[in-house]
Structure formats: C-alpha cells, structure tokens
Amino acid sequence: AATDAALTVAAALTSRNPFLAPLESREEAHKAKRKFADKMVVDSVGPSDHMAVLAAYREWDSLSPQGDERYEFCRSNFLSIKTLQGMAELKRSLLETLSE
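Residues numbered from 1 in each chain as written. Predicted model: local features only at pLDDT ≥ 70, side-chain atom pairs only at ≥ 80, totals over all residues. Heavy atoms only, no water.

Caption draft 1: Quick peek at the overall build of the protein chain. Along the backbone of the protein chain there are 5 helices and 0 strands. Put simply, the protein chain runs from its N terminus to its C terminus through helices and strands in the order α-α-α-α-α. Relative to its length of 100 residues, the protein chain is compact, with a C-alpha radius of gyration of 14 Å against a globular reference of 13 Å. A buried classification covers 34% of the 100 residues belonging to the protein chain. (Helix = DSSP H or I, 4+ residues; strand = E, 2+ residues; numbered from the N terminus. Rg over C-alpha atoms; globule rule 2.2 N^0.38 Å. Buried < 20%, exposed > 50% of the residue type's maximum accessible area, 1.4 Å probe, protein only.)

Caption draft 2: Representation of empty space enclosed by the protein within the structure. With the rule as written, the count across this model stands at 1 cavity of 30 Å³ or more. Counted as a void, the largest cavity has a volume near 30 Å³. The wall of the largest cavity is formed by Thr 8, Val 9, Ala 12, His 50, Val 53 and Leu 54. When residues of the lining of the largest cavity are traced back to their parent elements, those giving at least two are α1 (2–13) and α3 (49–62). A breakdown of the residues in the lining of the largest cavity according to their chemical character gives 4 nonpolar, 2 polar and no charged. (1 Å grid on protein atoms, 1.4 Å probe; cavity = no way out; pocket = protein on both sides within 12 Å on 5 of 7 lines; lining within 4 Å. Points joined across faces, edges and corners; volume = space filled by probe spheres on them. Nonpolar A, V, L, I, M, F, W, Y, C, P; charged D, E, K, R; others polar.)

Caption draft 3: Geometry of helix α2 (residues 26–39). Taking 1.5 Å of rise per residue, the 14 residues of α2 would be expected to cover 20 Å, and the 20 Å separating its terminal C-alpha atoms lies within 8% of that figure. Among the structural elements, α3 and α4 (69–76) are those in contact with the buried residues of α2. (Expected span 1.5 Å × (residues − 1). Contact = heavy atoms within 4.5 Å.)

Caption draft 4: A look at α3. With 14 residues, α3 should cover 20 Å at 1.5 Å per step; its first-to-last C-alpha distance of 20 Å lies within 8% of that length. Here α3 has its buried residues at Ala 52, Val 53, Leu 54, Ala 55, Ala 56, Tyr 57 and Trp 60. Where α3 is buried, its residues touch α1, α2, α4 and α5 (81–99). The residue sitting at the N-terminus of α3 and contributing the capping side-chain oxygen is Ser 48; that oxygen lies 3.4 Å from the backbone nitrogen of His 50. (Polar contact = N/O pair within 3.5 Å; in protein donor to acceptor, adjacent residues only side chain to side chain.)

Written as structure tokens, this is what we have:
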C-alpha cells in the first residue's frame, strides 16, 4: 500500500493538477477538493493537496474503466479524466522500472 501511494504521489508530482477550478463553479470545486483532502487527515497530518490527489486517484481507480462511471465521477468532483489517465500510465511505467 505504501509503494502504491508513493507511486501515485510521484505520478501526481510530474502531472498537471487533476483538480479543475472553473470560474463559474470555483467554490463547488474547492469543496470537492477539500472533501478528498479531509478523507486523508490522520492524527497530526492535516489536509494537503498531495493527499487530496491521492484520495481522488484511489477512488477514481477503484471504479470500473468500462462504461461512464469514471467520467461521471470526474465530472461531479471537478477532476480531469485525462490527467488521471495519464497518472495511471505513469504509475504503470514507474512500477515496470522498479521491477527491472
């Protein structure tokens, strides 16, 4: 689990921020991001952008790639599906490199 989290954060650091902030919905988008950050608050670790991305990615990744589930999840949570897909590809590449 720790390796997966580290790979996700590494992929996030080399990708665009997956959270979108459209002008007309900026407050809603901020609340969606905060919801993910709050899920990762543990003991003395407060909310952080990296942990918000990790929580959002994990939830997105748990959804079926078939159908519209991932697309709807991204739409309702102000996330870029292309960025999350890119992070998934980068994670696979990093894992392959570590496995060599």
